[in-house]
Protein chains: 2
Amino acid sequence: MTERLVKAFLKPLQKEEGLNISGGKRGRITIHEVASAAGVSISTASKALNDTGRMGAETRERVKRIAGEIGYRPNALARGLLSKRSFTIGLLTNDTYGRFTLPVMAGISDALVDHGVSVFLCAIEDDPALAQTHVDAMLDKQVDGIIATGKRLDRRLPVDLSNLHVPVVYAFTEGTQNSVTFRSDDEQGARLAVEWLVKVGRRRIAHITGPEDFFSVRERAGAYHEVAGHREPVLYGVWSESWGHDAVEQLWKRPGEKPDALFCGNDQIARGAVDALRERGIKVPQDVSVIGFDNWEIVAAQTRPPLTTVDMELKELGRQAGLTVLALAEGRPVEPGVRKLPCRLVVRRSCGGKPPEE
Amino acid sequence: MTERLVKAFLKPLQKEEGLNISGGKRGRITIHEVASAAGVSISTASKALNDTGRMGAETRERVKRIAGEIGYRPNALARGLLSKRSFTIGLLTNDTYGRFTLPVMAGISDALVDHGVSVFLCAIEDDPALAQTHVDAMLDKQVDGIIATGKRLDRRLPVDLSNLHVPVVYAFTEGTQNSVTFRSDDEQGARLAVEWLVKVGRRRIAHITGPEDFFSVRERAGAYHEVAGHREPVLYGVWSESWGHDAVEQLWKRPGEKPDALFCGNDQIARGAVDALRERGIKVPQDVSVIGFDNWEIVAAQTRPPLTTVDMELKELGRQAGLTVLALAEGRPVEPGVRKLPCRLVVRRSCGGKPPEE
DNA sequence: GTCAAGTGAGAAAAGGTTTTCTCATGCAAT
DNA sequence: ATTGCATGAGAAAACCTTTTCTCACTTGAC
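Worth saying up front: this structure is predicted, and the values here are computed from it rather than measured. (Residues numbered from 1 in each chain as written. Chains lettered and ligands numbered in written order. Predicted model: local features only at pLDDT ≥ 70, side-chain atom pairs only at ≥ 80, totals over all residues. Heavy atoms only, no water.)

Considerations on helix 9 (residues 241-253) of chain B
The first and last C-alpha atoms of helix 9 of chain B sit 19 Å apart over 13 residues, in line with the 18 Å expected at 1.5 Å per residue. Summarising the contacts, the buried residues of helix 9 of chain B are in contact with helix 10 (267-279) of chain A together with strand 6 (205-209), strand 7 (234-236), strand 8 (261-264) and helix 10 (267-279) of chain B. (Helix = DSSP H or I, 4+ residues; strand = E, 2+ residues; numbered from the N terminus. Expected span 1.5 Å × (residues − 1). Contact = heavy atoms within 4.5 Å.)

In C-alpha cells, the structure reads:
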C-alpha cells in the first residue's frame, strides 16, 4: 500500500514510472548548461541570449539555437535579485465575492501578461492583521508594485500602503494623498442611464438605489436629478433584490401617477423591481422601463427581460491600473491624481429602444 | 504642471515631499546592515536570525533585537535562489466568473498564508496559448507548485501539466493519471438533498438539472434515482434560470399528479423554478419544496424564499489542495488518487423543515 | 605545562544571472 | 616593424542569503 507513496525532490534520480505527481527541481537547466553545450562562457551565453554585448553573429545564433533546443529558461529569482525587478505585482482586495475584483484582475492580467508580469491575489477580509501579513509576504517577495482594490469607492483598505518602498496604485477604492487612483465615472454612467430612458420616451423616471452614505450613490443621484429633474423621488435603501421589490411596492401604493421608468442603483435592485412589476401585472418594457447599474452578467442577463444596464468597464480600469503600476515600477513618470473612467451603456431588453448603431 | 511628475527609483536620494506614489527600492535593508549595526559578521547575523548555528545567547538576542529595530526583512528572492523554495504557488483556472475559483482560492490562501506562501492567480479562458504563457511565467518564477482548477469536474484545462518539474494538484477539474485530485462528492451531496426532501415529507420528487454530458449531472441523477426511486422523471437542460422556469412549465402541463418537490441541479435552475411556481400561484414551500445545489449565496440567499441548497465546501477543498501541494513541495509523501470531499446541506426556507440541531 | 574537547564567531562558497572590465587577436595605417 | 584600434570572448564582481568549514580561544583533565 505504501509502495505507491511518492516523494517529491528525492535526492537520488528516481525512475520515472509515470509518477508525474512529484516534480523535483533537479532537472532545471541553467545558463551554465547552455554555455557548455555551445562551447562558450556563461557571460557570452548571457549576452547572446539578451542581445547585448559584442560578439560574432554566428556565435549569437548558435547560443540562441542551442538554448532553445535544450529548453533553457532563465531563473527569474536570480534575475530579479540582480535587476531589482521581480516581474511580479500584488493585487490586494477586500471584495470577497469578487464582484468587482475579478474583472479588475482580468484587466490587470490581460495588460501585464505580455510584459511577463504575474499577479499575486490577496483577499483580505477587512482584517487588518491578515492584510499586513499579505503585504509583508509580498514585499519580501520583492513585488514590483501593488494594486489596491475594493468593493467601494469611498472606503480605504484596512492597511496603510502609503509609505511602502514600492509603487501603489488604487483601483475602485479610496486612495491616499498624492497617489494614483482609478475609478469609474458614476456621474457620467448615471447620466447615460437616465438619458437613455428619456430617449426611449420616458418622462416620469424614479430612482431606486442603495444606501445614501455611499459616495457613488450620491453621485448617481446627483446626475439623475440633473437630467430627470426633481419630479420623482429618490428611494434610498440597500443593495438587494428585496429592496428593489419593496421599493416598487412603495411607489405603486402612493396615490397619483405612477412612474413610467425606474433607474435602479444596481442590477440586483433592478431585478427585484422587475419581479415586483411582473407580479403586479405591469409589463416591462411596454408599460415601464427599468434600467440597472453594474452589468453583472449573472444578474442582468438572467433577468426576464434581460436588463439594460450601465457597465463600469472594470476590466479596462484594471488594465490601466496594471499599466500604471508597471510604468511606476520602471521609473517612468506618472501624474498623481484621480482618474475617472467612463461607463458604457449596455442595451438589452428591459427599457425597449434599439441599441445605438455600431 | 510637470513639476508634479514623479519618478520611481530615482538614483539620487530624493526629498520625500509626501510623494508616496513612487516607491524606490533604494532603502531596502539587507542582512549586511543588520550585521554591521550589531557589530557581527553576516554569517553570525544569519545564524542568529534563523536560530541556527552556535553562538552566545546574548549575541543572538542582540542581533534579533537590532534586526527588529531597523526593520530588516529577508529578501525572499535571494533566499529562494539558495533554498530552491520560492514560497509561491500558482493557481490556474479557466473559470472566468470565479463562481468556483474564488472559494477555492480563498481556501488555498487561508491554508497557506501562515506558511508564508503567496498565490499567483492565472485566469486562462480556455486559451491554450495564454495558458502556456502563464505556466511558463510561473515556472520561471520558480513556483513551488501549481494547483489547477476549473468550472467542471470532467474537463481538463487546455494545457498539459503532467510533466512539469514542480508538483501539480487538481481541484475541481479533471486531473491526469497518477495525480492528486480533489473534488466534491456530488453523489453524497445529491443524496443529502433528496433525503432532506423525503424527511420533510415529500414523495413525488422531480429532478430538474443541467446537461446530461456533465459527469456531475449524471452522478447527482444517479443518487437521486437511488433515493427517490424512478417515480418522477429527470429533466435535463442547461444551467440557467430560464431552464428552471421552462422545466416547471413542462412538468405542470403534463396530465396527472404534480410533483410535490423539485431537486434542482443548481441554484439558478432552482431560482427559475421558484419563480415559475410563484407565477402559477403555487406556494413554496407550503405546496412544493424546492432544493438547489451549489449554495451560490448571491442566488440562493436572494431568492424568495431563500433556497435550501447543497454546499460543495469549495473553500475546504481549496484548503486541502493548498496543504497537499505544500506537502509535495516539501517532499512529504502523498498518496495519488481522487479525493471526494463531502457536501453540506444548507437549510434555508424553500423546503420547509427545520435546520438540523447544531 | 601539555593536550583534548568544546565554544563562539568569521571566511568563503553556493545559488543563477547580468554587467563591467580586461585581454588577446587580427587588421589597417604609419 | 611598430602603433592604434576594432572585435570577439572570457573573468570576475555583484545581487542577498544560507550553510559549511575553519580558526582562535577557553576550559578541564592529566
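A look at the pattern of salt bridges
Under the defined criterion, the tally for this structure stands at 64 salt bridges over all chains. Among the salt bridges present, the one from R304 of chain A reaches E279 of chain B, with a minimum N-O distance of 3.0 Å. Of this pair, R304 of chain A sits in the loop between helix 11 (297-300) and strand 10 (309-311) while E279 of chain B sits in helix 10, on two different chains. As a salt-bridge pair, R183 of chain B and E219 of chain B come within 2.6 Å of each other at their nearest N and O atoms. Here E219 of chain B lies in helix 8 (residues 215-228) and R183 of chain B lies in strand 5 (residues 180-184), a separation of 36 residues in the sequence. Accessibility assignment for this pair places R183 of chain B and E219 of chain B in one class, buried. (Salt bridge = Lys/Arg side-chain N within 4 Å of Asp/Glu carboxyl O. Buried < 20%, exposed > 50% of the residue type's maximum accessible area, 1.4 Å probe, protein only.)

Side note on unusual backbone geometry
Trans peptide bonds make up most of the peptide bonds, and negative phi angles are found at most residues other than glycine. Geometrically, the link from V284 of chain A to P285 of chain A is a cis peptide bond, its omega value of 10° lying close to zero. Mapped onto the fold, P285 of chain A is located in the loop between helix 10 and strand 9 (289-291). Notably, D294 of chain A is not glycine yet its phi reads approximately 120°, a positive angle. Note on placement: D294 of chain A falls in the loop between strand 9 and helix 11. We classify D294 of chain A as buried; its relative accessible area is 10%. Despite not being glycine, F172 of chain B shows a phi value in the positive range, around 60°. Tracing the chain through its elements places F172 of chain B in strand 4 (residues 168-173). The class of F172 of chain B is buried, set by a relative accessible area of 5%.

Some points on the packing of helix 2 (residues 42-50) of chain A against helix 3 (residues 57-69) of chain A
Residues and elements named next belong to chain A. Packing of helix 2 against helix 3 leaves a shortest axis separation of 9 Å and a crossing angle of 90°. Between helix 2 and helix 3, the angle falls in the class roughly perpendicular. The residues of helix 3 that touch helix 2, namely those facing T44, A45, K47, A48 and L49, are T59, R60, V63, K64 and A67. Here the residues of the contact of helix 2 with helix 3 sort into five nonpolar, two polar and three charged. (Axes fitted to C-alpha atoms, helices over the stretch in contact; angles between N-to-C directions. Parallel < 35°, antiparallel > 145°, perpendicular 65-115°, else oblique. Nonpolar A, V, L, I, M, F, W, Y, C, P; charged D, E, K, R; others polar.)

Quick word on the relation of the copies chain A and chain B
For the match of chain A to chain B, the screw axis carries a shift of 0.0 Å, the RMSD comes to 0.1 Å, and the turn is 180°. With respect to symmetry, the two chain copies, as superposed, fit the operation of a two-fold axis. The C-alpha atom lying nearest the rotation axis in chain A is that of F120 of chain A; the distance is 2.2 Å. Both copies contact each other with a shared surface, as 100% of the interface residues of chain A are interface residues in chain B too. (Least-squares fit on C-alpha atoms with pLDDT ≥ 70 in both.)

Some details on the protein's contact with DNA strand C
As a matter of local geometry, DNA strand C sits amid 28 residues, with I31 of chain A together with T44, R54, G56 and T59 of chain B nearest to it. Close to the protein, within 4 Å, the atoms of DNA strand C are drawn from sugar and phosphate at a rate of 52%. T44 of chain B is positioned with one of its side-chain polar atoms (N or O) 2.5 Å from a phosphate oxygen of DNA strand C. One of the side-chain N or O atoms of T59 of chain B is found 2.9 Å from a phosphate oxygen in DNA strand C. Considering each element in turn, the surface near DNA strand C owes the most residues, five residues, to helix 2 of chain A. Its residues assigned to classes, the surface near DNA strand C comprises 11 nonpolar, 11 polar and six charged. (Near = heavy atom within 4 Å. Polar contact = N/O pair within 3.5 Å; in protein donor to acceptor, adjacent residues only side chain to side chain.)

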